[in-house]
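The chain contents come next:
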Amino acid sequence: MKPLGLIDRVDLPVDKIPTRWYNVIPDLPRLPEEYIDNSTGKKVTREWLERLFVKSMAAQETSLERWITIPEPVREAYKLWRPTPLIRAVALERELGTPAQIWFKYEATSPSGSHKLNSALAQAYYAKRDGHTRLVTDTGAGQWGSALAIACQIFGLDLTVFMVRASFHNKPYRRNLMETYGAEVRPSPGDTTEYGRKLLAEYPDHPGSEATAVSEALECVDADEGTRFAVGAFSNHCLLHHSVIGLELKEQLRMIGRTPDYLIASVGCGSNLSGFASPFVEDKLNGADITILAAEPEACAPLTYGEYRLDWADSNGRGPGVHTYTLGHEFVPPPIHAGGLRYHGCAPIVGLMRHEGLLDAEAYGQVSVFDAGTTFAKLQGYLPAPETSHAIRAVIDKALECKRTGREATIVFNYSGHGLLDLGAYGRYNDGLLRDVEKEDFVAPTPSMVEGLKA
Ligand SMILES: *Cc1c(COP(=O)(O)O)cnc(C)c1O
């Protein structure tokens, strides 16, 4: 039998794990607006940031240094799975009959199965070093929570995770995974916080959202001096840590003598997109013809349908206020299966990139996304997370466009995570039950609930 010719891949040796993170902020056309403290209406102070975040994270959040050294224990932990391979999807190219080359940076080799561990390890390391005892965080489907649970276990910290209530009850596997790694997991809204109790009293079936989980996590931070909030995707420091993805990718593309025409990633808040694409922003600003494309879910697409303005990062305005693309902090996203993409806004850096014309965005319906993910799995063998499948949908559309125009483009996408804990969603798709928005499951916020959220 002749070789199948499914893939081609480019690997880096372990010593090529980056030694520094790249901070895109100093290279952007202008600086992001500063965070606003809800209680004063003024810019947040350093003390405010340090009470909320791990001390070193507060410093990184406002850093204008272009390069930040990765602490050796974090870099050593990166060796658990980094560098990640760059893989060419030859079988997909052949099936589509496109003259384009399709490559993907495969972040799913991490122990938690997604890119999220890049930042989780950094945040847990600094929390321990700075003398904090516990981290608190929010998680949607559980990707971030499970990455942070591993990281807290490695560096010896307690972790409390507020998990969106719909996922807590309906998708227990990630919860089981977090608990296996030693984290305490609570549903949001739930009865352990005042805010959670208030929401449940008013609206007993509230499905929860990332934003309610953030509100409850922040209340927990307020209540305990040794506790700090860990951010899964939104903050500047989190995006910084993911730059290892793009830095490795640059080196891998250099090895095969290619420059990207398209850089595509799914966007919930934009951490994987930013980490993957930000090291190319300077090239783009210097004239390189690179399209950076954010793939969003139609049901929750701030970059495609939102506005660039000041909004609160959580659902009750505990703060901070940030300038970014948003659908409004009171927006409760419908329960699509890409749980990691259900957030009303996006990271300020990504919002600014879009505002400055550095980023394109497109939104895709859930069914077409699963069509793409399933096609990819059948051809290439890897089963993508529903979040990742948004990027794959965009890639297939662009590759077909290249087929029509005869363009021999280099399309690179970020394979943000695997879908092996999302089989319930694949099951619904395979049984023909999946719809673009599963409307009968969607609990639209009532006016009294919105008022409750604002109060
Ligand atoms: C969390 C997550 C995303 C979306 O988050 P970003 O901050 O936009 O990267 C995408 N893919 C996977 C697998 C995720 O876990």
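Residues numbered from 1 in each chain as written. Predicted model: local features only at pLDDT ≥ 70, side-chain atom pairs only at ≥ 80, totals over all residues. Heavy atoms only, no water.

The final tally for this structure, using the stated rule, is 19 aromatic pairs. Relative to Tyr-426, the ring of Phe-370 has its centre 5.2 Å away and its plane inclined at 65°; by these criteria the two rings are edge-to-face. Separated by 56 residues along the polypeptide, Phe-370 in helix H17 (residues 366-380) and Tyr-426 in helix H19 (residues 423-430) bring together distant segments of the chain. Of the two residues, Phe-370 and Tyr-426, neither departs from the other in class, the shared state being buried. One aromatic cluster is present, built from ring pairs that chain together Phe-104, Tyr-106, Phe-376, Tyr-382, Phe-413 and Tyr-415. Positioned over the ring face of Phe-168 is Arg-175, at 4.0 Å from the centre of the ring. (Phe/Tyr/Trp six-rings, centres within 6.5 Å; stacked < 30°, edge-to-face > 60°. Helix = DSSP H or I, 4+ residues; strand = E, 2+ residues; numbered from the N terminus. Buried < 20%, exposed > 50% of the residue type's maximum accessible area, 1.4 Å probe, protein only. Lys NZ or Arg CZ within 6 Å of the ring centre and 35° of its normal.)

The next thing to look at is the environment of Glu-65. Position of Glu-65 among the secondary structure elements: in the loop between helix H2 (55-61) and strand S3 (67-69). Owing to a relative accessible area of 52%, Glu-65 belongs among the exposed residues under this scheme. C-alpha of Glu-65 to C-alpha of Val-24: the two residues are 41 residues apart in sequence and 9.1 Å apart in space. Excluding residues within four positions of it along the chain, Glu-65 makes contact with Asn-23 and Pro-26. (Contact = heavy atoms within 4.5 Å.)

A few words on the UniProt feature "domain: Tryptophan synthase beta chain-like PALP" (unreviewed entry) in the chain. Here, UniProt's "domain: Tryptophan synthase beta chain-like PALP" (unreviewed entry) annotation points to residues 81-417. Taken end to end, residues 81-417 is 44% helix and 20% strand, and its first and last C-alpha atoms sit 13 Å apart. (UniProt positions renumbered as here; feature names shortened; annotations may be inferred.)

This next bit is on the site of the ligand. Around the ligand, a shell composed of 17 residues is seen, among which Lys-116, Gly-268, Gly-270, Asn-272 and Ser-416 lie nearest. Within the backbone of Gly-270, an N or O atom sits 2.8 Å from an oxygen atom of the ligand. Protein contacts shield 98% of the accessible area of the ligand, which totals 380 Å² for the unbound molecule. Its residues assigned to classes, the shell around the ligand shows four nonpolar, eleven polar and two charged. (Near = heavy atom within 4 Å. Polar contact = N/O pair within 3.5 Å; in protein donor to acceptor, adjacent residues only side chain to side chain. Areas by Shrake-Rupley, 256 points an atom, 1.4 Å probe, with all protein chains shown as cover. Nonpolar A, V, L, I, M, F, W, Y, C, P; charged D, E, K, R; others polar.)

Okay, the pairing of strand S10 (residues 262-266) next. Note on strand geometry: in a regular strand, side chains alternate between the two faces of the sheet. Burial runs high along S10: five of the five residues are buried. Of the two faces of S10, both are covered, the one formed by Tyr-262, Ile-264 and Ser-266 as well as the one formed by Leu-263 and Ala-265. Bridging between S10 and strand S11 (residues 291-297) involves five bridges; their strand directions are parallel. Bridge pairing in S11 places Ala-265 opposite Ala-294. Judged from the three bridges that link them, S10 and strand S15 (residues 410-415) form a sheet pairing that is parallel. (Pairing = 2+ DSSP bridges.)

A separate point is a nonpolar patch on the surface. On the surface, Met-1, Leu-4, Leu-6 and Ile-7 cluster together into a nonpolar patch covering about 470 Å² of accessible area. For Met-1, a relative accessible area of 98% gives the class exposed. (Patch = residues over 30% accessible without salt bridge, like charges linked within 9 Å, V, L, I, M, F, W, Y side chains within 5 Å. Salt bridge = Lys/Arg side-chain N within 4 Å of Asp/Glu carboxyl O.)

Here we take up the sheet that holds strand S1 (residues 7-10). Spatially, seven strands are ordered S1-S4-S5-S15-S10-S11-S14 in an open sheet, and the strand pairing comes out mixed. Each having just a single partner strand, S1 and strand S14 (360-364) make up the two edges of the open sheet. In this sheet, neighbouring strand axes are inclined to one another by 25° on average, regardless of whether the strands run parallel or antiparallel. One ladder, built from six bridges, connects strand S5 (residues 101-106) with S15; its direction is parallel. (Axes fitted to C-alpha atoms, helices over the stretch in contact; angles between N-to-C directions.)

Counting residues in each nonpolar core, the largest one holds 61 residues, and the members touching the most others are Trp-21, Tyr-78, Leu-135 and Phe-229. The set of elements that each furnish at least two residues to this core consists of helix H1 (46-52), H2, helix H3 (72-78), helix H5 (117-129), strand S6 (134-139), helix H6 (143-155), strand S7 (158-164) and helix H10 (210-223). If near-sequence neighbours (up to four positions away) are discounted, Leu-135 is found in contact with Val-54, Gln-123, Ala-124, Ala-127, Leu-148, Cys-152, Leu-157, Asp-158, Leu-159, Thr-160, Arg-228 and Ala-230. Listed in part, the 36 residues of the second largest apolar core include Tyr-22, Leu-86, Val-281 and Met-353. (Core = buried A, V, L, I, M, F, W, Y, C linked by side-chain atoms within 4.5 Å.)

Residue position: Ser-243 is located in helix H12 (residues 243-255). In this structure the C-alpha to C-alpha distance between Ser-243 and Ala-277, which are 34 residues apart in sequence, comes to 8.1 Å. Each residue touching Ser-243, except ones within four places of it in the same chain, is listed here: Trp-21, Tyr-22, Gly-275 and Pro-279. Polar contacts involving the side chain of Ser-243 include one to the main-chain carbonyl oxygen of Leu-240, which spans 2.7 Å.

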